Amino acid sequence: MATYCLTVTRLQLALGHGARRLHVSAAYRAKAQVSMSRFEPTSYVNYNKIRSNVDIVKKRLNRPLTLSEKIVYGHLDDAHNQEIDRGRTYLRLRPDRVAMQDATAQMAMLQFISSGLPKVAVPSTIHCDHLIEAQIGGEQDLARAKDINQEVYNFLASAGAKYGVGFWKPGSGIIHQIILENYAYPGVMLIGTDSHTPNGGGLGAICIGVGGADAVDVMAGIPWELKCPKVIGVKLTGSLSGWTSPKDIILKVAGILTVKGGTGAIVEYTGPGVDSISCTGMATICNMGAEIGEVFGKDWTWTYIIELNLDELKPHINGPFTPDYAHLVASIGATAKAKDWPLEVKVGLIGSCTNSSYEDMGRSASLAKQALDKGLKCKAQFTVTPGSEQIRATIERDGYVREFIYWDCLGQCIRDVKKGEKNTIVTSFNRNFTARNDANPATHAFVTSPEIVTALAIAGTLDFNPETDYLTAPSGEKFKLEPPYGDELPAKDFDPGQDTYQHPPADGSGLKVDVSPTSNRLQLLEPFDKWSGKDLEDMRVLIKVKGKCTTDHISAAGPWLKFRGHLDNISNNMLIGAVNSENDAVNKIKNYLTDEYGGVPDVARHYKANGVSWVVVGDDNYGEGSSREHAALEPRHLGGRAIIVKSFARIHETNLKKQGLLPLTFSNPSDYDKIHPDDKISIKGLKTFAPGKPLTAVVKHSDGSVDTFELNHTFNETQIEWFMAGSALNRMKELQH
């Protein structure tokens, strides 16, 4: 990123400030071949192919293209013959590269190993960040992570070396910051096995969160499928100033679109207001765009458009329990009082993949210094997480760390909070789902900008508005915080810190990757069974889920992260966080073979052992949140056949298809109410399964009555082949023979 930003600066000096909108890649393209990264000097950006595809599609559609369309259509496998219809057709694409974080890379690499291929077909990287648990402080937590995750790290490092995948060691930093620093550039299409991969949009890239099976397709050199995205335009006028930050833009947009409003869409930000947003500010906006279902962020024809005047935009804070519940910072105190939310702020956390840049750290440090100069420390516990080793080293060199250390607040800590104890925390993160931060469902978590987190932590209360309210110093002096300030780029360039990257050897074919058969962390995969060729008859309703069901509810993280490479072990967390509509309880469902209640995974295993297939019934936006494909692998592993809901989140729906499950939606959402926990469901029409042709559900009730209704699906012909083969991986192997 430093190299890119210096190039921008030079172009601006030569061409004037209008160069901000210039694609640096275009200037480069006219002169020489451009390497995809400093680590891959012989892998070049294929600008000629992108340009050729764009020209073909523009001529075919007979209209100008938006920026995101140029990048997406520029990566079409067959621009001449690809059917292009937003929100309907599936595009076959050739992404430039793949990135995987350590929690999802385990299953992705296990699937790639199962494919039998010798080496990845595109540049790919593994990033060790998710398995580091925050407990004491950076150095101690890193040492602990290396110790307890040694088997997994060794597997990922050795698999990367054998199959040609770069390996970023634990301690390198957060995957999305590493991508922004090293791999993002205007025009690249990158897919990553993490839902916040759109962070790379801060540098004009199309970066898309996917499941591991999608990553395997790209690493195998197979065209990757994406439903042709709709395009939502956000026109920005005015400029950011004072306490308003880029985070407030996406918090406002999330409040407008909600967590499902951008599903299947690219959100493009345009207009003169963009000029007041830094690169990392744009990355923040794109990163949290994952919470509204967007693919990427950052001008001509849109599905629809939102207009925001940044001169009028005020600081926002969203929550609790969902990132689209938007409030003004100026009014959150009154709302909290009216709704009986705890006003005292117990903890403030800045960092995460959303707001951990040099600029973010600087703006927060400027507030910490103001408070320290008055002799004031924050009333709330306060923690700081720099985004990468490069950011850590640079802010330490430039004195920001000193401000935080004097404030006793560098490094995350585990909180001592009792389950069920109501309390409030504020973070600069992107998600605040129930129990996500500390496993306590009564924690009221709010997301906002790093500077607002810092101000609220100083004041210790949710009803503090830094734009208008005063603080009291130990001397009794009343003072207001001045608006935060932070340099976008360090004046002395970035300090790279420690070298934490391992590049794969030119030939890793002779290397060995060991997976012990007795390991409880890693397990080689067995192929799923093929479709029988018959309709699915008399399946049990394992659970009818009530309300929000994210991938956290379906496959919890936390202590379960250590089993991300062992499908059978991690399946013991399947749907343990989902609310059962029958009794409003979690992880308590009735086993209709024994008439006893048990945990969801236990009942599923009992059904599977007795040859009973089952379905899950769910509500709206089922599977929102993380890209973790374990939320699809686990139901398939434990005998599930279909997931029937009102609507799906994009990534999860694709993940279910990849693993040979049927993600189906009610043609009439009210049919959800017709299903009871003791019903048996048959799915008819599979023998003539075809794109655009609904299937039929036959629901047998315990009183002998029957309901029949339509179920919609979004399968295309290729995806139907996945279902028939038992999974996308099975189908890949079939095509190899």
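Every value quoted in this text rests on a predicted model; they were computed, and no experiment measured them.

A.B. asks: Explanation requested: the pairing of strand β24 (residues 614–617) in the structure shown.
C.D. replies: Regular strands have side chains that alternate between both faces of the sheet. Residues W614 and V616 of β24 are buried on one face, and the alternating residues V615 and V617, pointing to the opposite face, are buried as well. Pairing geometry for β24 and strand β25 (residues 640–645), over 4 bridges, is parallel. Looking at the pairing, W614 lines up with G640 of β25. Handedness of the β24-helix α20 (residues 630–637)-β25 crossover: right-handed.

A.B. asks: Which parts of the structure should I look at to understand the sheet that holds strand β28 (residues 695–700)?
C.D. replies: One key point about sheets: their strands pair by backbone hydrogen bonds, in either a parallel or an antiparallel sense. The 7 strands lie next to each other as β21-β24-β25-β26-β29-β28-β27, forming a closed barrel whose pairing is mixed. Within this sheet the neighbouring strands show an average axis-to-axis angle of 35°, counted without direction. Where strand β27 (residues 680–684) meets β28, 5 bridges bridge the pair, whose relative direction is antiparallel. Counterpart to S682 in the pairing with β28 is V698. Of the strands in this sheet, β21 (536–544) and β24 are in contact with helix α19 (residues 600–609), which crosses β21 at around 165°.

A.B. asks: Sorry if this is basic, but what is going on with the environment of K169 here?
C.D. replies: Looking at where K169 falls in the secondary structure, it is placed in the loop between β4 (166–168) and α8 (175–182). The class of K169 is partly exposed, set by a relative accessible area of 35%. Taking the C-alpha atoms as reference points, K169 and K58, separated by 111 residues in sequence, lie 43 Å from one another.

A.B. asks: Hey, could you run me through the sheet that holds strand β3 (residues 124–127) in this one?
C.D. replies: Strand order across the open sheet formed by 6 strands is β6-β5-β2-β3-β4-β20, with mixed pairing between neighbours. Pairing within the sheet leaves two strands with one partner each, and these edge strands are β6 (206–209) and β20 (501–502). Across 3 bridges, β3 lies against β4 in parallel orientation. Each residue of the ladder has a partner; that of T125, found in β4, is G166. Those strands touched by helix α5 (residues 102–115) are β2 (97–101) and β3, and its axis lies near 115° from that of β2. Its contacts with the sheet put α8 on β2, β3, β4 and β5 (189–192), and the angle it makes with β2 is roughly 150°.

A.B. asks: Is there a simple way to explain the domain arrangement of the protein chain in this structure?
C.D. replies: Reports often express the size of an interface as the amount of accessible area lost when the parts come together. If you check the domain split of the protein chain, you get domain 1 (94–226), domain 2 (229–312), domain 3 (315–480) and domain 4 (536–736). With 28 residues of domain 1 in contact, the opposing surface of domain 4 contributes 25 residues. In this assembly, domain 1 packs against domain 4 so that about 2000 Å² is buried in total across both faces, 55% of it on carbon and sulfur atoms. The interface formed by domain 1 and domain 4 includes 2 salt bridges. Between D217 and K658 there is a salt bridge, with its nearest N and O atoms 2.2 Å apart. Put simply, domain 1 and domain 4 have 11 residue pairs in polar contact (both at pLDDT 80 or more) between them. The biggest single contributor to the side of domain 1 that touches domain 4 is α5, with 9 residues.

Calculation rules
- Chains are numbered independently. Their residues run from 1 in the order of the written sequence.
- Selection of residues for local features in this predicted model requires a pLDDT of at least 70, selection of side-chain atom pairs for listing and counting requires 80 or more, and totals for whole chains, interfaces and linings are taken over all residues.
- Water and hydrogen atoms play no part in the side-chain values, which are based on all heavy atoms of the structure.
- The cut-offs for exposure are 20% and 50% of the maximum accessible area for each residue type, with area from a 1.4 Å probe on protein chains only; residues under the lower value are buried, those over the upper are exposed, and the others partly exposed.
- Strands here are runs of E lasting at least two residues and helices are runs of H or I lasting at least four, both read from the DSSP assignment and numbered beginning at the N terminus.
- Two strands make a pair as long as DSSP finds a minimum of two bridges between them.
- Crossovers are marked right-handed if the path from the first strand over the helix to the second runs clockwise, as seen with the strands pointing away from the viewer.
- Throughout, an axis means a line fitted to C-alpha atoms (over the contacting stretch in the case of helices), and angles, computed between N-to-C directions, take values from 0 to 180 degrees.
- The contact criterion used is simple: two residues touch if any of their non-hydrogen atoms lie within 4.5 Å.
- Throughout the structure description, domain borders are defined by an automatic or database domain assignment.
- Two parts placed together each lose some accessible area; with a 1.4 Å probe, that loss summed over both constitutes the buried area.
- The term salt bridge refers to a pairing of a side-chain nitrogen on Lys or Arg with a carboxyl oxygen on Asp or Glu at a separation within 4 Å.
- Counted as a polar contact is a pair of N or O atoms within 3.5 Å, where, for protein atoms, one must be capable of donating a hydrogen and the other of accepting one, and residues adjacent in sequence contribute only when both atoms are in side chains.

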